[in-house]
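Coordinates in review
Chain residues, written in single-letter form:
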Amino acid sequence: MVMAPSMKIVFGLLTFVTFGMIIGALFQLAFIRKLEDSYGTDFPSFMRRQKNGYLQLPRGVTFWDNDKEAELLRLGYVKPEVISWSPRILVLHNFLSMEECDYLRAIARPHLQVSTVVDTKTGKGIKSNVRTSSGMFLSPEEKKYPMIQAIEKRISVFSQVPVENGELIQVLR
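Residues numbered from 1 in each chain as written. Predicted model: local features only at pLDDT ≥ 70, side-chain atom pairs only at ≥ 80, totals over all residues. Heavy atoms only, no water.

The chain carries the name Prolyl 4-hydroxylase alpha subunit domain-containing protein in an unreviewed UniProt entry, which gives Citrus sinensis as its organism. Checking UniProt for the chain, the heading Subcellular location (unreviewed entry) contains the comment "Endoplasmic reticulum membrane". (UniProt positions renumbered as here; feature names shortened; annotations may be inferred.)

Written out as structure tokens, the structure is:
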């Protein structure tokens, strides 16, 4: 059977994309493995906090000393836990520092609004006695703050999604 030239091109492109996806997945696995290996076999106890509120660095992360990029990404602090590979579900323990959490709470507190539910008749958001949370989205101006940019870069690196593809950070209480 002879393939048409257009079919050869389509087959070639599909092969190229498939190999690209496999290579991308291998890079993600290597990144997760490096994070897991940085902790050794012990997950850090929350009782081992330094005075500044950060977890003590576990053994084996000395090669990240004085590395600004590693500091920004919190390498050595973030502990990935694989829940499932299919579908891919990871929990990233210690993703934000205590300082970052306090910072986000301080920005959000004055802007929190009662969360709503969708009215099935109108499609609009309405208040509900069932939902007790409140929330807000950071503004485009707040997105320019250095700490917010650091958090967004970390989200981008760990999720493998470019920052420009992300939405504004939402804070919920």
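Still to come is the rest of the account.
In spatial order, the strands read β3-β6-β7; together these 3 strands make up an open sheet with antiparallel pairing. Only two strands of the sheet have a single neighbouring strand rather than two, namely β3 (113-114) and β7 (170-172). Here strand β6 (residues 134-137) pairs with β7 via 3 bridges, running antiparallel. Looking across to β7, one finds that Phe137 is bridged to Gln170. (Pairing = 2+ DSSP bridges. Helix = DSSP H or I, 4+ residues; strand = E, 2+ residues; numbered from the N terminus.)

Taking 1.5 Å of rise per residue, 14 residues should cover 20 Å, and helix α4 (residues 146-159) covers 20 Å from first to last C-alpha, within 8% of that figure. Once α4 ends, the next one or two residues include Gln160, with phi positive near 65°. (Expected span 1.5 Å × (residues − 1).)

Here the structure, examined in full by the defined rule, presents 1 aromatic pair. Note on Phe95 and Phe158: the rings are 5.4 Å apart at their centroids and 80° apart in plane angle, and the pair reads as edge-to-face. Of this pair, Phe95 sits in the loop between β2 (88-93) and α3 (98-108) while Phe158 sits in helix α4, placing them 63 residues apart in sequence. Phe95 gets classed as buried once you look at its relative accessible area, which sits at 17%. The side chain of Arg154 reaches across the aromatic face of Phe95, ending 5.6 Å from its centre. (Phe/Tyr/Trp six-rings, centres within 6.5 Å; stacked < 30°, edge-to-face > 60°. Buried < 20%, exposed > 50% of the residue type's maximum accessible area, 1.4 Å probe, protein only. Lys NZ or Arg CZ within 6 Å of the ring centre and 35° of its normal.)

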